[in-house]
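Fold and contact review
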Amino acid sequence: MGRPRLYCGQACRQRAYEQRSATAKAGLSADVVLVTRAELDGLQDRLYQLRCAIEDVQTLLTEKPTKAELERSLADLVRSTGRLDRLWLNGKSAG
C-alpha cells in the first residue's frame, strides 16, 4: 500500500541525500553522478575482467573446445557478470 519504496534502506537514502547535497553545493545538475576514484577504478577493473572473459569465450568458440574448457570459460564469464549486476547508476543502490 502506498507508493513504492525508493531506497532499499536508510544507508542508501543517506548516500543519496549526501550526493544531492554535494552536487547542489558544487553547482552541478541533478543528473551528475559522483563517484570516488576508488569506485571508478573498481568499475573499470570489473569491466576489464568482463571484456577478457568475453574474449576468452569468443576465442574458445573458434576452436574445438572440450566440454570442460567451455564450462570453465563460461563460468568465468558468469562470475565477471555477477559482480557487475550490483552496480546501479540510477540513484538506487543494490545494497
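Residues numbered from 1 in each chain as written. Predicted model: local features only at pLDDT ≥ 70, side-chain atom pairs only at ≥ 80, totals over all residues. Heavy atoms only, no water.

A few words now on the overall build of the protein. A tally of helices and strands in the protein yields three helices and zero strands. Traced from its N-terminal end to its C-terminal end, the protein shows the element sequence α-α-α. When the 95 residues of the protein are sorted by exposure, 13% land in the buried category. Restricting to contacts in the protein with at least 6 residues of sequence separation, those with at least 24 account for 48%. (Helix = DSSP H or I, 4+ residues; strand = E, 2+ residues; numbered from the N terminus. Buried < 20%, exposed > 50% of the residue type's maximum accessible area, 1.4 Å probe, protein only. Contact = heavy atoms within 4.5 Å.)

The subject of this paragraph is helix α2 (residues 37-62). Taking 1.5 Å per residue, 26 residues should reach 38 Å; α2 reaches 38 Å between its end C-alpha atoms and fits that length. By the burial criterion, the buried members of α2 are Leu43, Leu50, Ala53, Val57 and Leu60. (Expected span 1.5 Å × (residues − 1).)

This part covers the side chain of threonine 23. Mapped onto the secondary structure, threonine 23 falls in helix α1 (residues 10-26). In contact with threonine 23, other than residues within four places in its own chain, are Leu28, Ser29, Val32 and Leu34.

To continue, consider the pattern of salt bridges. Following the criterion strictly, the structure yields four salt bridges and no others. One salt bridge in this structure joins arginine 37 and aspartate 41, with 3.5 Å as the shortest N-O distance. With arginine 37 and aspartate 41 both in helix α2, this residue pair falls four residues apart, about one helical turn. Classification of aspartate 41 as partly exposed rests on a relative accessible area of 32%. Between arginine 51 and glutamate 55 there is a salt bridge, with the nearest N and O atoms lying 3.6 Å from each other. Residue arginine 51 and its partner glutamate 55 are both found in helix α2; the two are separated by four residues, about one turn of the helix. Judged by its relative accessible area of 46%, arginine 51 is partly exposed. With relative accessibility at 38%, the residue glutamate 55 sits in the partly exposed group. (Salt bridge = Lys/Arg side-chain N within 4 Å of Asp/Glu carboxyl O.)

Here we take up the confidence of the model for the protein. Model confidence for the protein is summarised by a mean pLDDT of 82, while 86% of its residues fall at 70 or above. Confidence, read as mean pLDDT per element, is least for helix α3 (residues 67-84) in the protein (85) and greatest for α2 (89). Contacts for the low-pLDDT stretch residues 90-95, under 50 throughout, to residues beyond four places or in other chains number ten contacts. (pLDDT = per-residue confidence, 0-100.)

This part covers α1. Taking 1.5 Å of rise per residue, 17 residues should cover 24 Å, and α1 covers 24 Å from first to last C-alpha, within 8% of that figure. Within the span of α1, buried status applies to Cys12, Ala16 and Thr23. Here the buried residues of α1 occupy an arc of 40° about the axis, which is enough to place them on one side. Summarising the geometry of α1, the exposed residues directed more than 90 degrees from the buried face are Gln10, Ala24 and Lys25. (Arc of directions from axis to C-beta.)

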